[in-house]
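# Examination of the molecular architecture
Take a look at the letters that make up each chain.
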Amino acid sequence: MLSTRRPLWIIASLLLGLFSLSATAAPASYEQAQIYACRAASSFMIYRGEGLQPEHGQQVQADLQALQNVTQPLLVQGDAALNSALQNLVSQLQEGMQYGPEEEDMPWSYPSNLSKNLRSFLKASMDAEQRQGLSSGVSPKIQYLMTQYIYSAYFGLFEISRESPEIYLGQTEAQLIPQIEAAVGTDSDAKTRSRWKFLKTALADMDSSVSSNSTRSKRPFAPLVVDRHGRSLTGLLLQQPGT
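Residues numbered from 1 in each chain as written. Predicted model: local features only at pLDDT ≥ 70, side-chain atom pairs only at ≥ 80, totals over all residues. Heavy atoms only, no water.

## As for the overall build of the protein chain
What the protein chain contains, in helices and strands, is nine helices and zero strands. From first element to last, N terminus to C terminus, the protein chain shows the α and β order α-α-α-α-α-α-α-α-α. Across the 243 residues that make up the protein chain, the buried fraction comes to 51%. Once local pairs closer than 6 in sequence are excluded, the contacts in the protein chain between residues at least 24 apart make up 74%. Approximately 11,600 Å² of the protein chain is accessible, and the part contributed by carbon and sulfur atoms is 53%. (Helix = DSSP H or I, 4+ residues; strand = E, 2+ residues; numbered from the N terminus. Buried < 20%, exposed > 50% of the residue type's maximum accessible area, 1.4 Å probe, protein only. Contact = heavy atoms within 4.5 Å. Areas by Shrake-Rupley, 256 points an atom, 1.4 Å probe, with all protein chains shown as cover.)

## As for the packing of helix α3 (residues 54–71) against helix α4 (residues 80–96)
Relative to each other, α3 and α4 sit at 170 degrees, their axes nearing to 11 Å. With respect to α4, the element α3 is oriented roughly antiparallel. Residues Leu-64, Leu-67, Gln-68 and Thr-71 of α3 form the contact with α4, whose own contacting residues are Leu-82, Leu-86, Leu-89, Val-90, Leu-93 and Gln-94. Partitioned by chemical class, the residues of the contact of α3 with α4 number seven nonpolar, three polar and no charged. (Axes fitted to C-alpha atoms, helices over the stretch in contact; angles between N-to-C directions. Parallel < 35°, antiparallel > 145°, perpendicular 65-115°, else oblique. Nonpolar A, V, L, I, M, F, W, Y, C, P; charged D, E, K, R; others polar.)

## A word on the packing of α4 against helix α5 (residues 110–131)
Running from amino to carboxyl end, α4 crosses α5 at an angle of 155 degrees, the nearest separation of the two axes being 9 Å. Judged by the inter-axis angle, α4 sits roughly antiparallel to α5. You can see that α4 and α5 cross each other, and the crossing is left-handed. Facing Ala-81, Leu-82, Ala-85, Leu-86, Asn-88, Leu-89, Gln-92, Leu-93, Glu-95 and Gly-96 of α4, the residues of α5 in contact are Tyr-110, Asn-113, Leu-114, Asn-117, Leu-118, Ser-120, Phe-121, Ala-124 and Ser-125. Here the contact of α4 with α5 is built from residues that sort into 11 nonpolar, seven polar and one charged. (Left-handed = near helix turned anticlockwise from the far one by under 90°.)

Below you can see the structure in the form of structure tokens.
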């Protein structure tokens, strides 16, 4: 008989997501939308890469619900582009949840299409944010770089928006780590600095200059650990205005 007990880190991750959402849900923000979009994509990659384990599937559904919860209030002004991008991303992830466990069960083009739909949603969110004269903190950059790392661990090189090198969608660890370090590395909160110190070491080991899914140090990727620490870090930052 299969055990119904869940690993403690899975339970903690689900609770952290709910806490972060409830702590920042008023008002909803484009920053939150970008963070939860990256989380949903990352949790799907983990679900797929770790053999379709039920607890990872539950995390995908929780992240999808959080993404829709924070994005819906942003659509009240009739933002067709953001709404379309949201529906495309959600549909893509829901489709992916239906594939079987074997490698051939998932179309070879699916990971590339997923990354494309993710970038499209993030860009639509950033465009809407800019039209309203708003700007996000560093958290979406952290979550986006983590998504690149997790994608590299399971699928290979993540395709960035190379036509837009001036925004984070077109940047890799080479550009994003110094930006994040400047914003977080000297944070007054010891827990924030500690989380970032760990993440920085792992993310800097990713090599986006090569197409093979190997790290610079040749050590194995650690997507589960990076996801756990990164969610904690961005959750902390969402509670700190201005970061």
